[in-house]
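Fold and geometry: a report
Residue-level listing of the chains:
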Amino acid sequence: MHCVVLIAATLIPASGPSVQGLLDHAVLTSTKKVVLPKGRLEVKGKLQVRGAKDLVIEGAGTTLVFSDRAGTTWSFDSCRNITLRGFTIDYDPLPFIQGRITSRTEDGKRFDFTVCDGYPGLRAEDSQHYRQAYIFEADQPRWKPWVPDLYPRQVEIIDDRQGRLVLGAAPVYHELIQVGDRVVLTLRTGSAIRMNDCENVRIEDVTFLAAPGAAYLGRYMRGDNYYRYTIKPGPPPPGATEPRMLSTCADGLNIAFATKGPTIEGCRFSFMGDDSVNLHGVTFVVLERKTPQELIVGWPYSREQLATVIPVGATVRRLRSGNYEVLGTARLTAFEPLRERTPDHLKIIRSVWPRDEAGRGTAFRMTLAEPLPIEPGDFLDVPDNNAPDFSIRGCVFEDHRARGLRIMASQGVIERNTFRRLKMNAITVGAEYEFWREAGWVADVQIRNNTIEDVGCDGGNLGSAAYVLGAIGVFGRTDRESRLPLWLGNHRIVIDGNTIRGCPQAGIFVAAAKDVQIRNNRLENCFYRPGESAGKGRGLAITGPIDAQNAQDVTIKDNEIIEPGQPPTKQ
């Protein structure tokens, strides 16, 4: 008989150690199921689960309320066959500041605001985290169209309820920000749940009402991992008269460095501060070539469990610096972290990731079955590490800041999902090598039978640096300064049977791709505000509701285009 730990609510004090003790006991005794008490359970500090196997954590009717907003709130390390089911996660105090604009300067460089009643006030100890602000409509819960994110040079704290955003330069469309508009400042200090080195995970019917960063981060994942959960804003805090404008401060679901992609099914995500779903891998910089088949490569983080998801036999791709053309491939025979890093190693790592802390990074020894001619400063990636063989089905992504899907993974299916009122693009697949270096080129992805409504009304999409210019976009983000032609690195993409209603740019935009099928799609009211400068800095431009450029072997047939160039009657 399986052991079940069932604790009545009256027997658990509202404190972190009791919850942590319950989880520790379950792991120690190989308990198969933990049932959390019903009701509101305040958790002080963080929770950790290490080395659990065959464990279900269930909490129908339970709300875990965390107060620690720094770092990962609940971590799972080296767990196998783990199921989380039924409970809700919230935070008190909330990990964001919510207020209203009270005054502004004509030049768009200063905006004063008042914190709304009931919401957390401004604190000097949090001031280093007030890096971005989002503007919402004054009278309805949605991001204000065309207004870009604000990145203040300084947030002046006048008192705990009064603040001032001071910008170094006026953002585009700043004139749309008016007195009375809602404003939210996020902390971005940590994720709600992070899983490292885990396998065969299921998250079912869990609800996230807030998070100081992403709702869920998965790193170094293996096996079959399944996700069906909800993200939405919680109720107003005590004393508040206005609804919450935000749920999580960052992504809904972010998985990187995984040997197999997730199954994401029946999720409903809304009001996040970043993308719904992000799947990606790693770009390595070559630090040293020992022999034609032995390389020292690096990245800007600690070693963590990266070696566990770089499998022997994986394909290693040599990339041309600048446009990341694949210049050759080889099979991996060994991959291991090194304890030592030379000053030259750290110098190269710092030059590739200048945003990260100096002196940080790890060197790895990579051994190949075949010689791969490459020099220090060149790049490699390993597509078997990019969460391949994923599926995203039957989900709803609505009313949030960034992209619905940001996919740098191959062998996947994206079908029967709904995207509504997203500030940026709905579905983006392709390579991110320039800024975040979230590799890489994708292949064999099917995008079919999705419904997309009212997306892409963000001023940044009209800028010269934009690289995804449509509701559905296939992209390659490569180094703008290299002057090398955009390489056709994405292959075998099918975009079939989708309905797109209301996108100011293209409904479907394809670049940096080869062998693409665009068929049986219905586009209504697309291409009504494409932007004269959109993508110009990357050699891109939009020419119509369906657009393919810097692409080859693209088939466009049996698509229905209705009222192109005309905005929808209701926005």
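We now turn to the structure provided with this report. (Residues numbered from 1 in each chain as written. Predicted model: local features only at pLDDT ≥ 70, side-chain atom pairs only at ≥ 80, totals over all residues. Heavy atoms only, no water.)

Bringing the layout of surface pockets into the picture now. Roughly 230 Å³ of volume is contained in the second largest pocket. As for the second largest pocket, its lining consists of 14 residues, of which Arg-317, Pro-383, Ser-410, Trp-441 and Ala-443 are closest to the centre. Split into classes, the residues belonging to the lining of the second largest pocket amount to seven nonpolar, four polar and three charged. (1 Å grid on protein atoms, 1.4 Å probe; cavity = no way out; pocket = protein on both sides within 12 Å on 5 of 7 lines; lining within 4 Å. Points joined across faces, edges and corners; volume = space filled by probe spheres on them. Nonpolar A, V, L, I, M, F, W, Y, C, P; charged D, E, K, R; others polar.)

In this structure the tally under the stated criterion is three cavities of 30 Å³ or more. Approximately 70 Å³ is the volume attributed to the largest cavity. If you trace the largest cavity, you find it lined by Arg-142, Trp-143, Lys-144, Pro-145, Asp-399, Arg-421, Leu-422, Lys-423, Asp-454 and Cys-457. Of the residues belonging to the lining of the largest cavity, the class tally is four nonpolar, no polar and six charged. Residue lining of the second largest cavity: Pro-300, Leu-346, Ile-349, Arg-350, Trp-353, Asp-356, Glu-357, Gly-359 and Arg-360, and that is the complete set. Taken together, the residues that form the lining of the second largest cavity break down as four nonpolar, one polar and four charged.

Turning our eyes to something else, we now look at the sheet that holds strand S13 (residues 154-159). Taken in spatial order, the six strands line up as S12-S15-S10-S11-S14-S13 in an open sheet, and their pairing is antiparallel. Looking at the sheet topology across the chains shown, the edges are occupied by strand S12 (133-136) and S13. Within the sheet, the average angular offset between the axes of one strand and its neighbour, ignoring direction, is 35 degrees. (Pairing = 2+ DSSP bridges. Helix = DSSP H or I, 4+ residues; strand = E, 2+ residues; numbered from the N terminus. Axes fitted to C-alpha atoms, helices over the stretch in contact; angles between N-to-C directions.)

What follows concerns the pairing of strand S43 (residues 522-526). Taking burial as the measure, the five residues of S43 include four buried ones, the bulk of the element. Where strand S40 (residues 499-503) lies against S43, four bridges are found, and the strand directions are parallel. Looking at S43, one finds that Cys-503 is bridged to Cys-526. (Buried < 20%, exposed > 50% of the residue type's maximum accessible area, 1.4 Å probe, protein only.)

In short, the description is geometric, and any link to function would need to be established separately.
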